Amino acid sequence: MIFGVDVASMLLGGVAAGMVLFIVSVGLSVTMGLMGFVNLAHGGFAMLGGYAIALAMKQWGFGFGTALVFGFVVTAAASAALERLLYARLYRATDLDQVLFTIGLVFMMIASVTLLVGPENQPLALPAMLRGQINLGFMRYRTYSVVLIVIGIVIVSGLWLGVERTRFGAQIRAAVDNRRMAESLGINIARLFTITFALGSGMAALGGGLGAEFLGLDPQYALKYLVYFLIVVAVGGLGRVSGVFYAALLIGVLDFVLKKYVPQGGSAFIYVLTILLLLWRPQGLFGARAT
Amino acid sequence: MTPPPAGWADHPAAAALAARHRLRAWESIPWALALAFYFVFPKHLGFGTELLVTTLFAISLDLVLGYAGIVTLGHAAFFGAGAYTVGMLAKLGIWNEPLSGLILAAVVAAAVGLGSGLVLLRTHGLTLLMLTLCTMALLEEAANLAHDYTGGFDGLDSLPIAPLFGVFEFNPLYPKTQYLYSLAVLFVCFVFVRTLVYSPFGQSLRGIRENMLRMHAVGAPVRGRLVLCYTVSAAIAGVAGGVWAQANAYVNLGTLGLDRAATVLIILVLGGYGRLYGAFVGAVAYMVLSHVLSKIYPTAWQLGLGLLLVVIALFARNGILGIAEAAVRAVGRRGAGALPSEASERP
């Protein structure tokens, strides 16, 4: 019985972390799948969004929920402007130019936040009802982790419905599968991509805010977790919402379990696994198309 | 087979191809400047050594990125492999003779390059980028875990490096030996790389960069060439790492980190990749700027660096040397016709 509770608590913690990973990474996967754009600045949008949320709560006394919405809207708007002004010029450029451009962008984000807010970690005070523990019937567990799982399920269901059941979602799927064909059928790819990019960055902002409780929030966030976001995308396959979801849960649980039992060297195991997996399936575990 | 038309050697293209590899007068300038630095700035030789090592590392990256077109974010893996080879051998008292230590560093780094290259270079695009990143992260994690041998996070310091030729001591306070030693190693490696890129092998790398499908079609062993190029580049990066460890008498996890890999990429792109001397120009520009600025305004330096990268990616894809070449060509057109420069063979 004790063992069962242990396993359940580990799974819950891992799944909660996986939900945050999913919320941050899903936009990255879709933009990479849609335009083949290597966007290393995605973690930067998560960091900026997290800051918007934390500052809105601290400076202007926003509630947690309102602050999340605020962070989503601000980051989505800012990223849409950046996409139109700068990203759009580089869609046909080489991987190298895209890598350099987005690394430059990350540096600028980190430096601006350090200059304007400061280099220290920003504590994000959760509302009282989210702190403490909740009784799940068979065990007590941290309320916030359970809330994260619920939010994650709501978001993934919403995204799934949006992608599978709406006209806009069908356009995204068409463009991921065959961009030129979609374009010649009259789908406005440029507009589609701006909207997707903005939504993806907004999601990253949500993830930055929701995950700040256990990932922390400082300017280096933008680079610190980038490898993890990229691993989730590469394992999940480009442009696949469901693939990213499974991959994020897998990595989240694996990371949680490994950190507990092998505190040193847990990440090495994830790197090895990623390398082997990508050699076996370069298109990712759930991706259908060769990259 | 039809014989080549009579007088083909007089064709301007043939003449340009035949003269491509010849030494030009200006190619002596960087070496003269490097020697002059030794006499003019005796107090800044530590910085000079760092500059030379960085240049060597950037040259090794130029071979894979600029000539073979492999985009990698994990080149510091080989720098670190070389540095740790020298560091661990010296610390454990197995081997501390500098020159043979460098050869060992090159061999180990080349082995890492060959092993990873054999598997990584099956992929391309994002997958390749991710795999290079993961390989480097894995090595860093391994070095962190094996702290009994590598010193873990703290690294290994006070490495007992033997005097060069048994005479010239590596004194960390007066790095005269280090400077001249790094310069000599850089020169030897540079001559090797220069010979390599103008050889048929180098030409085939350029072919692979420009059009891999066509190189397959004409029967070139594309993967073999890429793996070989990756291995050679890894060996040179390992030498750079080895020199770095010997000159500073320590190694730490920073030699294997993403920071170092990103920095060398930035340096190469800043100078201009695929053009040999881009590494020199980029290293000098970057290191001098960062040396002066990063101590006074570290955050503003990062902001400026980011801006610079964005501008380069958007407007100046060939770096400082690219801008200089475009200027020379513009002047040349106005004056006495186009200058035959290496830029003319790039698209």
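For the structure itself, look to the data block above.
Remember, it's a predicted structure, so these values are computed and weren't measured experimentally.

### As for the overall build of chain B
Thought 1: Tallying secondary structure elements over chain B gives 15 helices and zero strands in all.
Thought 2: Here the C-alpha radius of gyration of chain B, 21 Å, is about what a compact globule of 347 residues would show, namely 20 Å.
Thought 3: Projected onto its principal axes, the C-alpha coordinates of chain B cover approximately 65 × 45 × 45 Å.
Thought 4: Relative to all contacts within chain B whose residues are 6 or more apart in sequence, the contacts with residues 24 or more apart total 76%.

### So, the overall build of chain A
Thought 1: A count of helices and strands for chain A gives 12 helices and two strands.
Thought 2: Each helix (α) and strand (β) of chain A, taken in turn from the N terminus, gives the series α-α-α-α-β-β-α-α-α-α-α-α-α-α.
Thought 3: Computed over its C-alpha atoms, the radius of gyration of chain A comes to 19 Å, within 12% of the 19 Å expected for a compact globule of 291 residues.
Thought 4: Taken along the three principal axes of its C-alpha coordinates, chain A extends 60 × 45 × 35 Å.
Thought 5: Counting all 291 residues of chain A, 50% fall into the buried class.

### Quick word on the interface of chain B and chain A
Thought 1: Listed by partner, the interface residues are 31 residues for chain B and 36 residues for chain A.
Thought 2: Elements that contribute at least two residues to the side of chain B that touches chain A include exactly helix H6 (125-145), helix H12 (258-271) and helix H14 (298-315) of chain B.
Thought 3: Take the side of chain B that touches chain A: its biggest share by element is 14 residues, from H6(B).
Thought 4: Class assignment of the residues belonging to the side of chain B that touches chain A gives a composition of 22 nonpolar, seven polar and two charged.

### Considering the nonpolar core
Thought 1: Counting 204 residues, the largest nonpolar core has Val232(A), Leu56(B), Ala109(B) and Val239(B) as the members making the most contacts within it.
Thought 2: Looking at this core element by element, the count peaks at 16 residues for helix H1 (residues 2-35) of chain A.
Thought 3: If near-sequence neighbours (up to four positions away) are discounted, Leu56(B) is found in contact with Val185(B), Leu186(B), Cys189(B), Ile236(B), Val239(B) and Ala240(B).

### Considering H14(B)
All names here are of chain B.
Thought 1: Its 18 residues place the ends of H14 25 Å apart at the C-alpha level, agreeing with the 26 Å of an ideal helix rising 1.5 Å per residue.
Thought 2: Gln302, Leu305, Gly306, Leu308, Leu309, Ile312 and Ala313 are the residues of H14 that are buried. Around the axis of H14, the buried residues are gathered within 160 degrees of arc, so they sit on the same side. For H14, the exposed residues set more than 90 degrees away from the buried face come down to Val311 and Phe315.

### Side note on H12(B)
Residues and elements named next belong to chain B.
Thought 1: For H12, spanning 14 residues, the distance from its first C-alpha to its last is 20 Å, which sits close to the expected 20 Å at 1.5 Å a residue.
Thought 2: For H12, the buried fraction is high: 11 of the 14 residues fall into the buried class.
Thought 3: Residues of H12 that are buried: Arg260, Ala261, Ala262, Val264, Leu265, Ile266, Ile267, Leu268, Val269, Leu270 and Gly271.
Thought 4: Backbone geometry just after H12 places glycine 272 at a positive phi near 120 degrees.

### Structural notes on the packing of helix H8 (residues 176-197) of chain B against helix H11 (residues 222-248) of chain B
Residue and element names in this part refer to chain B.
Thought 1: Their axes nearest at 11 Å, the elements H8 and H11 cross at an angle of 175 degrees. Considering their axes alone, H8 and H11 lie roughly antiparallel with respect to each other. Residues Gln178, Ser182, Val185, Cys189 and Val193 of H8 pack against Ile236, Val239, Val243 and Ala247 of H11.
Thought 2: Classifying every residue of the contact of H8 with H11 by side-chain character gives seven nonpolar, two polar and no charged.

The rules behind the values
- Residues numbered from 1 in each chain as written.
- Chains lettered and ligands numbered in written order.
- Predicted model: local features only at pLDDT ≥ 70, side-chain atom pairs only at ≥ 80, totals over all residues.
- Helix = DSSP H or I, 4+ residues; strand = E, 2+ residues; numbered from the N terminus.
- Rg over C-alpha atoms; globule rule 2.2 N^0.38 Å.
- Contact = placed C-beta atoms within 7 Å.
- Buried ≥ 20, exposed ≤ 12 C-beta atoms within 10 Å, placed from the backbone.
- Nonpolar A, V, L, I, M, F, W, Y, C, P; charged D, E, K, R; others polar.
- Core = buried A, V, L, I, M, F, W, Y, C linked by C-beta atoms within 7 Å.
- Expected span 1.5 Å × (residues − 1).
- Arc of directions from axis to C-beta.
- Axes fitted to C-alpha atoms, helices over the stretch in contact; angles between N-to-C directions.
- Parallel < 35°, antiparallel > 145°, perpendicular 65-115°, else oblique.

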